[in-house]
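# Working through the structure, step by step
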Amino acid sequence: MMLRSSTGFLYSTHTCDLGVSWMPASPSTVRNPDAKAHMLGWNPPAGNVILLAFNNHKGSADVGCRKCRGLLTIGMSRDGGLGWQVVALVERGRVDFKKTHYPTLLQVGCNRLIVIYSRAYSCCAPKKAELGIQLVSYRFVM
């Protein structure tokens, strides 16, 4: 499980008994600006693959924008969440006050990944900004 934190990184914890007890949470190597992330165990034929949707930066100063959440990224782990490889950049979002966040992942069939997320501004949205719930579909081939 990955947990958000205010440290600029997600924290991770593991269970060996189907969630009855958990290891103490510790910092991972995954950067995150205290925003929701979402994990998905990718079903066969891929095997032991975990996908993670997350904002890939420590905070607003890290991406050069004020009060933003950007760089919505899909990461993949083949080792139970110990190491992560970036496999897709869903949306950059390097704009002051823009928030591309709250991702949810969904597997459809054997090779379709759906990413659902929110696009908003904390203030100062451009007049023609595309806001609200967004949906992106990827053909995910291992």
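Since the model is a prediction, treat every value here as computed from it, not as a measurement.

Tallying secondary structure elements over the protein chain gives one helix and ten strands in all. Overall, the protein chain shows an N-to-C arrangement of helices and strands of β-β-β-β-β-α-β-β-β-β-β. A compact globule built from 142 residues should have a C-alpha radius of gyration of about 14 Å, and the protein chain, at 16 Å, falls within 12% of that. Seen through its principal axes, the protein chain has C-alpha atoms that stretch 50 × 35 × 25 Å. Classification of the 142 residues of the protein chain by burial places 41% in the buried group. Of the contacts formed within the protein chain by residues at least 6 apart in sequence, a portion of 45% connects residues at least 24 apart.

All right, on to the pattern of salt bridges then. Summed over the entire model, instances satisfying the criterion amount to four salt bridges. Where Glu 91 meets Lys 98, a salt bridge forms, and the shortest distance between an N and an O atom there is 3.0 Å. Take Glu 91: its relative accessible area is 11%, and that puts it in the buried class. Residue Lys 98 is classed as buried on the basis of its relative accessible area, which comes to 13%. Between Arg 119 and Glu 130 there is a salt bridge, with its nearest N and O atoms 3.7 Å apart. On the criterion of sequence distance, the pair formed by Arg 119 in strand β9 (residues 112-121) and Glu 130 in the loop between β9 and β10 (132-139) is long-range, its members being eleven residues apart. Exposure remark for Glu 130: the relative accessible area of 57% places this residue in the exposed category.

Definitions and cut-offs
Every chain is numbered on its own, with residues counted from 1 as its sequence reads. Totals for whole chains, interfaces and linings use all residues, but because this is a predicted model, local features are given only for residues with pLDDT of at least 70 and pairs of side-chain atoms are given and counted only at 80 or more. Think of the side-chain values as coming from all heavy atoms in the structure, minus any hydrogens and water. In DSSP terms, a helix is any run of H or I states spanning at least four residues, a strand is any run of E spanning at least two, and both are numbered starting from the N terminus. We compute the radius of gyration over the C-alpha atoms and compare it with the globule rule, which gives 2.2 Å times the number of residues raised to the power 0.38. Each residue is placed in one exposure class: buried if its accessible area under a 1.4 Å probe, protein chains only, is under 20% of its type's maximum, exposed if it is over 50%, and partly exposed if it falls in between. For this analysis, residues touch if any pair of their heavy atoms sits within 4.5 Å. By salt bridge we mean one thing: a side-chain nitrogen of Lys or Arg within 4 Å of a carboxyl oxygen of Asp or Glu.

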